[in-house]
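# Structural features, examined
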Amino acid sequence: MVKTGDVLFRQDPRPFQAALNAAKGALDAQRARLKVAEDNLARVQPLVALNALAQKDLDDATGQQKSAAAAVEIAKADVEQAELNLGYTTIRTPVSGASSYARVNVGSYLDAQNSLLTYVSPLDPMYVIFSISENEKLQIDADAKAGRVRLPPSDQYEVEVILADGSIFGQKGRITFADADYDQQTGTFRLRATIANPDGTLRQGQFVRVRVIGAVRPRAILVPQKAVLQGAQGHFVIVVDADNKAQIRPVETGPWKGKDWFITGGLNAGDTVVVDGLALLSPGTPVTFAPADSAAAPDAG
């Protein structure tokens with residue numbers, strides 16, 4: 001772990017120190033030249049006023065003074081550039097984070113081909129990059145327009161990170177960047193979430209899953225996934241009618257939520273859906289049933 005400003009590498013400063021000394025010497029020489037030009041101009045001006053010297057002498061003295069002043073400014077810039085080059089021999093980390101290993105050994109010569117010394121990965125906050133498909137984006141927009149989904153104000157979604165072992169990362173983040181275009185190769189829309197990472201648990205290059213929180217499905221109906229069957233005509237469930245008989249009910253399905261499935265059409269609040277023993281039932285079969293264990297299907301409705 002390194003902090004902003006920590007020294008990571010030092011290059012041999014002697015050639016750059018020599019260049020700086022030469023630049024400072026050149027600056028002193030130009031300043032001396034400027035002093036002579038200024039003194040000469042100061043002597044010429046009153047003599048020209050008295051017509052003791054020609055106007056050309058004043059013009060020459062003025063030109064020499066301006067030329068010397070410009071040379072001093074150029075010499076100052078050379079000194080500044082030499083100081084910058086000398087400063088670059090001490091390489092400090094511009095950010096805080098975790099540093100990688102040294103790509104070069106002590107005593108190595110550096111050039112354009114081996115200029116990478118190491119890299120530092122900022123850890124707090126951490127960027128988590130993920131994508132949604134074009135179909136998902138269009139479906140969300142369509143559901144929002146139809147009122148099936150209520151999006152958060154100003155798109156203030158929360159982002160939850162799921163680690164490789166299935167555990168939930170302790171910090172939630174926000175979406176702070178959305179790409180302008182779809183990726184033409186993958187047909188996906190790239191998003192980036194910023195998440196606090198004070199303990200450095202998340203690292204660069206790590207693969208995680210994200211859960212975007214904030215959209216709400218008003219008056220949504222959820223049933224356990226195992227209650228939804230698929231036939232030649234599409235998805236269906238088995239419901240129990242008022243006479244306690246099994247009936248097949250075609251349904252329209254939405255996305256999954258955990259172990260449950262959103263039903264966007266075909267069911268109404270209060271319908272009784274069969275969860276177990278589906279293979280034993282046919283339309284019109286009398287059903288003796290018990291309510292599903294609420295702990296097993298907490299979101300069913």
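Above this text you will find the structure in question.
This section reports on the structure supplied with the text. None of the values given here were measured: they were computed from a predicted structure.

### With respect to the packing of aromatic side chains
Going through the model one piece at a time under the given rule, you end up with two aromatic pairs. Taking 5.3 Å as the distance between ring centres and 50° as the angle between the ring planes, the aromatic pair formed by tyrosine 182 and phenylalanine 189 counts as tilted. In this structure tyrosine 182 comes out as partly exposed when scored by relative accessible area, which is 33%. With relative accessibility at 14%, the residue phenylalanine 189 sits in the buried group. Taken together, a centroid distance of 5.5 Å and an interplanar angle of 85° make the contact between tryptophan 256 and tryptophan 261 edge-to-face.

### Quick notes on the packing of helix H1 (residues 14–49) against helix H2 (residues 55–87)
Taken N-terminus to C-terminus, the directions of H1 and H2 make an angle of 160°; their axes are 8 Å apart at the nearest point. Classified by the angle between their axes, H1 and H2 sit roughly antiparallel to one another. Like other packed secondary-structure pairs, H1 and H2 cross with a definite hand, here left-handed.

### A look at helix H3 (residues 134–146)
The terminal C-alpha atoms of H3 lie 18 Å apart, and with 13 residues this matches the ideal 18 Å at 1.5 Å per residue to within 8%. Phi turns positive one or two residues past the end of H3, at glycine 147, with a value near 85°.

Each value, and the rule that gives it
- Counting restarts for each chain, with residues numbered from 1 along the sequence as it is written.
- With the structure being a predicted model, the display of local features is reserved for residues of pLDDT at least 70 and the display and counting of side-chain atom pairs for 80 or more, all residues being used for whole-chain, interface and lining totals.
- No hydrogens and no water enter the side-chain calculation; it runs on all heavy atoms of the structure.
- Planes of paired rings set the category: under 30 degrees apart is stacked, over 60 is edge-to-face and the rest tilted, where pairs are Phe, Tyr or Trp rings (Trp by its six-membered ring) whose centres lie within 6.5 Å.
- When accessible area is computed with a 1.4 Å probe and restricted to protein chains, residues below 20% of their type maximum are described as buried, those above 50% as exposed, and intermediate ones as partly exposed.
- Lines fitted to the C-alpha atoms define the axes, with helices restricted to the stretch that makes contact. Angles between their N-to-C directions range from 0 to 180 degrees.
- Per the convention used, a helix needs a DSSP run of H or I reaching at least four residues, while a strand needs a run of E reaching at least two, with both numbered from the N terminus.
- If an angle is under 35 degrees, it is roughly parallel; if it is over 145, roughly antiparallel; if it lies from 65 to 115, roughly perpendicular; otherwise it is oblique.
- What makes a crossing left-handed is the near helix being turned counterclockwise from the far one by less than a right angle; a clockwise turn instead makes it right-handed.
- The span one expects for a helix is its residue count, reduced by one, times 1.5 Å.

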